[in-house]
Amino acid sequence: VSGAITVDPGYKNTGATKSAITFLDGEKGVLRYRGYPIEQLAEHSTFLEVAYLLIYGELPSSDTLLDFRKKISRHTLIHEDMKKFFDGFPSKSHPMGQLSCLVGALSAFYPESLNPNPSEEEENLTIIKLLAKMPTIVSWIYKKSLGHPVIYPRNELNYVHNFLNMTFGQITEDIVIDKSVVSAMHKLLILHADHEQNCSTSTVRIVGSSNANLYASISAGISALWGPLHGGANQAVIEMLENIKNDGGNSAKWLAKAKDKNDPFRLMGFGHRVYKNFDPRAKIIKKACDEVLDKLGINDPVLDIAKELEEAALKDQYFVDRKLYPNVDFYSGIIYRALGFPTDMFTVLFALGRLPGWIAQWKEMKANKEPIGRPRQIYTGSTIRDYVPLDQR
Ligand code: SDX
């Protein structure tokens, strides 16, 4: 502390704002969106209904939801000139880098988004367009990675089904998407939809606090989510489990590595800044893992390794002392893989789920007219000194 300034690295004990959107209780493992328990929403709601709830604060009536769905379906296409951006990426470039760039580029096509003081209608149109176009952008990134032709949105399909059809559909034939895959996807996206002031949401808020447009703010949030300590962990978990499998499945050895302070290896998918008990989302996803793999008749050896690791870690003093439990990323990748997604698309799927939460938090920050984010520091550099000409250095 120096004068009135207290430095709190990683903001571990700093509240950045007041928010009415999501409630977390880290000790009790409680997560609620606008007061509704995540367990009930994951069981009974749909992703678009949860998106409406987060952004507008209430569960919609059936008429309101239908109107919302119709507004979204009017904007699912992206400007054809955006294809030039897709064509510009090297074929193996990471989907998260592409997503951040493509979302940021939307303001070039939709100038109403650039108005720093938009009317409510203008702000709403910008929100609707982003929600509507994200599934198209995400599925086209995937199709481009395969060198396949893109599939256009079908407005008679619901939001999640439409996304899956654009992702796994074929231009030569209609495909049937298994109902259990659609419902598993709803559940996964709902569970990722918001999580109060996490790293990427705080990024969206601080970028938006300078009156930057929504697309630029969300593009920044996507970049923050990419990090393997945050949303990128779901990809890192599968890579870790694959390494353990290829190393003979010796989870005890890898648990020891995770505890070794001289070894940079961490157990990916474990630990959380807020949950010092279980992550309620991980519990639901673990159960869904068994159901989806069973329904699809898939036996994925990394699921057994994941369960072994969890069991061993929950009995290990190092993990117990530090209250390290599986988090949302520990099991989600196993389901994504079972649904047919490649590993490097997992964090993009996290972003697709988190989008309504980012939008809701950005909207709340603007509605509350919060000041521009500008923290202070404690200076530890040189005291004053005079310039030395080059020929005297
Ligand atoms: C998400 O914030 C959110 O809400 C995020 C999220 C959301 O929905 O937005 O929930 C999504 O990002 C989930 C987290 C995904 N990340 C990972 O799974 C990566 C592995 N986890 C860790 O890197 C870590 O647990 C964090 C980043 C999640 C939390 O880090 P903190 O709160 O800064 O805790 P820390 O790094 O200070 O760790 C405390 C102690 C340390 O040991 P000591 O110095 O006290 O001896 O626990 C150890 C750490 O070394 N530790 C781990 C560990 N996580 C923490 N040791 C081994 N393996 C791990 N995974």
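What counts and what doesn't
- Residues numbered from 1 in each chain as written.
- Predicted model: local features only at pLDDT ≥ 70, side-chain atom pairs only at ≥ 80, totals over all residues.
- Heavy atoms only, no water.
- Patch = residues over 30% accessible without salt bridge, like charges linked within 9 Å, V, L, I, M, F, W, Y side chains within 5 Å.
- Areas by Shrake-Rupley, 256 points an atom, 1.4 Å probe, with all protein chains shown as cover.
- Salt bridge = Lys/Arg side-chain N within 4 Å of Asp/Glu carboxyl O.
- Lys, Arg positive; Asp, Glu negative; His and termini not counted.
- Charge placed at Lys NZ, Arg CZ, Asp CG, Glu CD.
- Helix = DSSP H or I, 4+ residues; strand = E, 2+ residues; numbered from the N terminus.
- UniProt positions renumbered as here; feature names shortened; annotations may be inferred.
- Buried < 20%, exposed > 50% of the residue type's maximum accessible area, 1.4 Å probe, protein only.
- Contact = heavy atoms within 4.5 Å.
- Near = heavy atom within 4 Å.
- Polar contact = N/O pair within 3.5 Å; in protein donor to acceptor, adjacent residues only side chain to side chain.
- Nonpolar A, V, L, I, M, F, W, Y, C, P; charged D, E, K, R; others polar.
- Pairing = 2+ DSSP bridges.

The next thing to look at is a positive patch on the surface. Positive charge collects at one region of the surface, where K12, K261, R266, R273 and R322 lie side by side. Structurally, R273 is set in the loop between α12 (251–259) and α13 (280–295).

What follows is about the UniProt feature "active site" (unreviewed entry) in the protein. The positions UniProt marks with the feature "active site" (unreviewed entry) are H272 and D329. For this annotated set, covering 58 residues, all C-alpha atoms fall within 10.5 Å of each other, a compact arrangement in space. Within the secondary structure, H272 is located in the loop between α12 and α13. Overall, H272 belongs to the partly exposed group, its relative accessible area being 22%. The residues touching H272, leaving out its near neighbours within four places in the chain, are H195, D279, R281 and N327. Relative to the helices and strands, D329 is located in helix α16 (residues 328–338). Classification of D329 as buried rests on a relative accessible area of 5%. When neighbours within four sequence positions are excluded, D329 is seen to be in contact with H230, G231, A233, N234, V237, G269 and F350.

Here we take up the site of the ligand. In the region of the ligand, 25 residues are neighbours, and H195, R266, H272, R273 and R281 sit closest. At 2.9 Å, a side-chain N or O of H230 approaches an oxygen atom of the ligand. Separating an oxygen atom of the ligand from a side-chain N or O atom of H272 is a distance of 2.7 Å. Per-class residue counts for the shell around the ligand are 10 nonpolar, 7 polar and 8 charged.

Covered by surrounding structure in strand β2 (residues 30–33) are L31 and Y33 only, the residues V30 and R32 on the alternate face being uncovered. As defined by bridge partners, strand β1 (residues 22–25) adjoins β2 across 4 bridges and the pair is classed as antiparallel. Directly across from D25, in β2, lies its bridge partner V30. Linkage of β1 to β2, two consecutive antiparallel strands, is achieved through a turn of 4 residues, within which G29 is found at a positive phi near 65°. As paired strands, β2 and strand β3 (residues 36–37) are joined by 2 bridges and run antiparallel to one another. Within β3, the position partnered with Y33 by the bridge is Y36. Joining the antiparallel neighbours β2 and β3 is a turn of 2 residues, in which R34 adopts a positive phi near 50°.

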